[in-house]
Amino acid sequence: MRPGPFAAGRLKIPPAAKPFEPSEVEESSATVVEMEKADIEEHKELTSQTTDHDENIKEAEVRVAPTDQEVQEQDVIAESNRILSRIAMWDQQEQAVPESTPVPADDLAPSEHIHVMGLDPVGRYITHILASCDHIPPVRYVMHTPGVHNVFKQNDRKLTLYRGDQMVTTNRIIAVNFNQGGDYTSPKQYALPSLISNLIITTPAADVVRILEPIKHRLDHRSTIVLINDGLGVVEDLIKTYYPSSITRPTFILGQFTGKLGYTGEQFSVEEVELGRLRMSIYPQQIQQSGVRIVRHPPIEHTLKPTRLLRTLTAIPDLRAAGFPMDDFFKKALPTIVFRSIVDPLTVVLDSTYDKLPKNAYARLVMDQLLSELCGVVSRLPEVRDSPDFSRLTVTQRLRKEIYHKLVRQQTSSSRMRSNVARGWATDIDYQTGYFVERGRQLGLRVENLNSLIAEVKAKQKIQMDRQNMQIPFQL
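Everything numeric here is computed off the predicted structure, so don't read it as measured data.

A. Main features of unusual backbone geometry. Phi at D156 takes a positive value of approximately 60°, unusual for a residue other than glycine. Among the structural elements, D156 can be located in the loop between α4 (146-154) and β3 (159-163). Positive phi outside glycine occurs at D351, with the angle close to 50°. Positionally, D351 belongs in the loop between α8 (326-349) and α9 (361-380).

Okay, here's the thing in structure tokens:
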């Protein structure tokens with residue numbers, strides 16, 4: 001209802017009252033009549049709207065609720081539209097950026113092929129997630145030997161992910177053999193060496209330089225290499241060995257996967273035990289000029305493609321990927337790397353499972369000494385020494401707390417480094433403990449304890465290798 005003439009704020013008293021003229025009385029009466037008519041019409045309109053609303057509610061109640069399958073299809077369509085809209089938005093943003101060097105449109109097409117190298121659980125998991133996304137081409141999965149490919153064929157060219165009670169299978173995978181320079185499924189199409197635009201590597205850090213040797217000529221400044229492992233210094237070795245020139249060098253992205261995966265007993269399946277994230281950061285370029293090292297991010301013609309790959313990966317929900325600046329990435333990745341650099345070698349030297357170390361007072365003392373030495377190196381690194389988060393006291397306290405918390409969570413499990421040494425296999429100690437030893441020496445710091453730890457692990461590994469080489473197979 002419309003407020004009456006005497007509602008609050010409507011009545012105004014004139015400064016000097018005077019008697020109404022007849023014309024004013026008639027005009028006032030007419031105004032009241034018009035207001036009453038307007039109120040009646042408004043009431044009818046509101047009544048009509050209410051009736052229509054009630055009828056709509058009744059019609060909605062009569063409708064049948066959508067089935068679970070329809071709801072799932074709607075969710076899939078909505079998620080697909082979200083991914084496509086995000087990629088389209090990023091394409092528009094990149095096109096608006098001025099380029100110092102023209103980049104061919106074909107090189108920036110969103111349908112670039114992604115190669116994955118790594119038959120470990122992380123490699124299988126990432127390949128499965130990428131292959132399950134219909135908005136990118138089928139994943140090129142590297143099979144390093146024909147025997148491995150035969151197993152893949154016997155498995156109907158499928159990867160299986162066990163997620164709780166669910167079993168998710170995908171076959172949008174193309175098997176690739178880099179050693180022979182071709183594709184197992186269509187050798188004519190890939191007979192000639194071609195550029196590899198995007199390569200994700202999940203193999204152990206100690207194997208990366210060796211496995212890239214056959215394909216180093218297929219990677220240049222137009223390529224992006226994502227290294228997902230718990231090591232440091234791999235990029236530096238790749239640059240030193242294969243790509244000393246910053247002009248033709250691929251762009252590198254450092255990655256760390258935090259999820260917990262399990263073995264299933266099958267070569268082409270993986271179990272998702274605990275959800276995690278894929279953290280990534282573009283490795284900065286380093287240029288040597290007049291004896292001064294200048295660290296900068298890659299130029300725009302080198303960052304469009306890796307940024308596109310990074311954004312494509314972050315747009316896939318199941319991958320739970322995120323990009324970080326280098327200092328933030330290093331801060332988040334450091335606890336796991338330090339754990340692998342101190343605790344894992346100790347399990348080798350003491351031949352112990354994780355749960356035995358916190359109960360051993362001498363083992364705890366050794367861990368504290370090693371951690372103090374390592375944190376002294378971290379706090380002096382030029383990349384982070386200006387950050388208050390990496391002061392020696394702060395980083396030591398934080399890492400000690402996180403390492404012991406992580407140690408308790410491992411319970412009675414054994415480290416992968418201990419298992420590798422027992423078999424006489426190579427370990428990643430040169431890219432974990434060894435990285436901090438090398439950086440400490442460059443900074444003029446004392447790292448004797450860390451260096452002794454490396455020597456003890458390698459000595460034990462050498463003993464196991466010699467023992468296995470002395471075993472002569474018995475034949476009838």
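B. Quick peek at the sheet that holds β3. With mixed pairing, the four strands of this open sheet are ordered in space as β4-β3-β11-β10. With partners counted over all chains shown, the strands left at the sheet margins are β4 (166-170) and β10 (260-262), one partner each. The average angle at which neighbouring strand axes cross in this sheet is 30°, direction not considered. Of the strand pairs in this sheet, β10 and strand β11 (residues 269-274) are connected by three bridges, and their pairing is antiparallel. Across the sheet, K260 pairs through a bridge with E274, a residue of β11. Running over the sheet, helix α3 (residues 121-131) touches β3, β4, β10 and β11 and is turned about 100° from β3.

C. Structural context of helix α12 (residues 433-442). When you tally the buried positions in α12, you get seven out of 10 residues, the bulk of the element. All of the buried residues in α12 are T433, G434, Y435, F436, V437, R439 and G440. Tucked into the core, α12 has its buried residues touching α8, α9 and α13 (448-470). Directly beyond the C-terminal end of α12, a positive phi value near 75° is found at G444.

D. Seen up close, the side chain of D344. For D344, the position within the fold is in helix α8. On the basis of relative accessibility, which here comes to 5%, the residue D344 falls in the buried class. The residues touching D344, leaving out its near neighbours within four places in the chain, are F339, Y354, S415 and M417.

E. Just the nonpolar core, in detail. Membership of the largest hydrophobic core comes to 68 residues, with the highest contact counts inside it found for L212 and F436. Per-element accounting of this core gives the leading share, 11 residues, to α8. In this structure L212 touches L199, I201, L219, I225, L238 and Y242, once residues within four positions along its chain are discounted. The next biggest cluster of nonpolar side chains, apart from the first, holds 37 residues, and it includes L119, V139, I253 and L309.

F. How the structure looks around the packing of aromatic side chains. Throughout the structure, instances matching the rule amount to six aromatic pairs. On the numbers, 6.1 Å between centres and 75° between planes, the contact of Y242 with Y243 is edge-to-face. Y243 gets classed as buried once you look at its relative accessible area, which sits at 4%. For the cation-ring pair, K406 lies above F339, with the distance from its terminal atom to the ring centre recorded as 5.7 Å. Across the ring face of W425, the terminal group of R423 is positioned such that the distance to the ring centre comes to 5.2 Å.

G. Seen up close, helix α6 (residues 234-241). Listed in full, the buried residues belonging to α6 are V234, V235, L238 and I239. Burial along α6 is one-sided: seen end-on, the buried residues are contained in an arc of 135°. Buried residues along α6 sit in contact with α5 (208-212), β8 (224-228) and β9 (251-257).

H. Looking closely at the packing of α9 against helix α10 (residues 392-410). Look at α9 against α10: their axes get within 9 Å of each other, and the N-to-C directions meet at 135°. In terms of orientation, α9 and α10 fall into the oblique class. In this structure, α9 meets α10 at a crossing whose hand is right-handed. Between α9 and α10, the residues in contact are R364, M367, D368, L371, S372, C375, G376, V378 and S379 and R392, V395, T396, L399, R400, I403, Y404 and L407, respectively. Taken together, the residues of the contact of α9 with α10 break down into nine nonpolar, four polar and four charged.

I. Structural view of the pairing of β8. With five of five residues buried, β8 is to be regarded as a mostly interior element. Neither face of β8 is exposed, since T224, V226 and I228 on one face and I225 and L227 on the opposite face are all buried. Taken together, the four bridges between strand β7 (residues 198-201) and β8 define a ladder with parallel strand orientation. Opposite N198, over in β8, you have T224 as the bridge partner. Here β8 pairs with β9 via five bridges, running parallel. Paired with T224 across the two strands is T251, which belongs to β9. Following the backbone out of β8, through α6 and into the adjacent parallel β9, one traces a crossover that is right-handed.

J. Fine view of the side chain of R279. As for its placement among the helices and strands, R279 is situated in strand β12 (residues 278-282). Within the structure, R279 has its side chain in polar contact with the backbone oxygen of K332 (distance 3.3 Å). Excluding residues that lie within four positions of it along the chain, R279 makes contacts with L254, G255, Q256, T258, A322, F324, F329, K332 and A333.

K. View of the pattern of salt bridges. The tally for this structure, following the rule as stated, stands at 16 salt bridges. Note that K216 is salt-bridged to E213, the shortest N-O span being 3.0 Å. Taking the relative accessible area as the measure of exposure, E213 reaches 38% and is therefore partly exposed. A salt bridge links E402 to R398, with the shortest nitrogen-to-oxygen separation between them at 3.9 Å. With E402 and R398 both in helix α10 and four residues apart, the pair spans about one turn of that helix. A cluster of three or more residues bridged by salt bridges with shared partners is formed by D230, R340 and D344.

What counts as what
- Residues numbered from 1 in each chain as written.
- Predicted model: local features only at pLDDT ≥ 70, side-chain atom pairs only at ≥ 80, totals over all residues.
- Heavy atoms only, no water.
- Helix = DSSP H or I, 4+ residues; strand = E, 2+ residues; numbered from the N terminus.
- Pairing = 2+ DSSP bridges.
- Axes fitted to C-alpha atoms, helices over the stretch in contact; angles between N-to-C directions.
- Contact = heavy atoms within 4.5 Å.
- Buried < 20%, exposed > 50% of the residue type's maximum accessible area, 1.4 Å probe, protein only.
- Core = buried A, V, L, I, M, F, W, Y, C linked by side-chain atoms within 4.5 Å.
- Phe/Tyr/Trp six-rings, centres within 6.5 Å; stacked < 30°, edge-to-face > 60°.
- Lys NZ or Arg CZ within 6 Å of the ring centre and 35° of its normal.
- Arc of directions from axis to C-beta.
- Parallel < 35°, antiparallel > 145°, perpendicular 65-115°, else oblique.
- Left-handed = near helix turned anticlockwise from the far one by under 90°.
- Nonpolar A, V, L, I, M, F, W, Y, C, P; charged D, E, K, R; others polar.
- Right-handed = clockwise from strand over helix to strand, strands pointing away.
- Polar contact = N/O pair within 3.5 Å; in protein donor to acceptor, adjacent residues only side chain to side chain.
- Salt bridge = Lys/Arg side-chain N within 4 Å of Asp/Glu carboxyl O.

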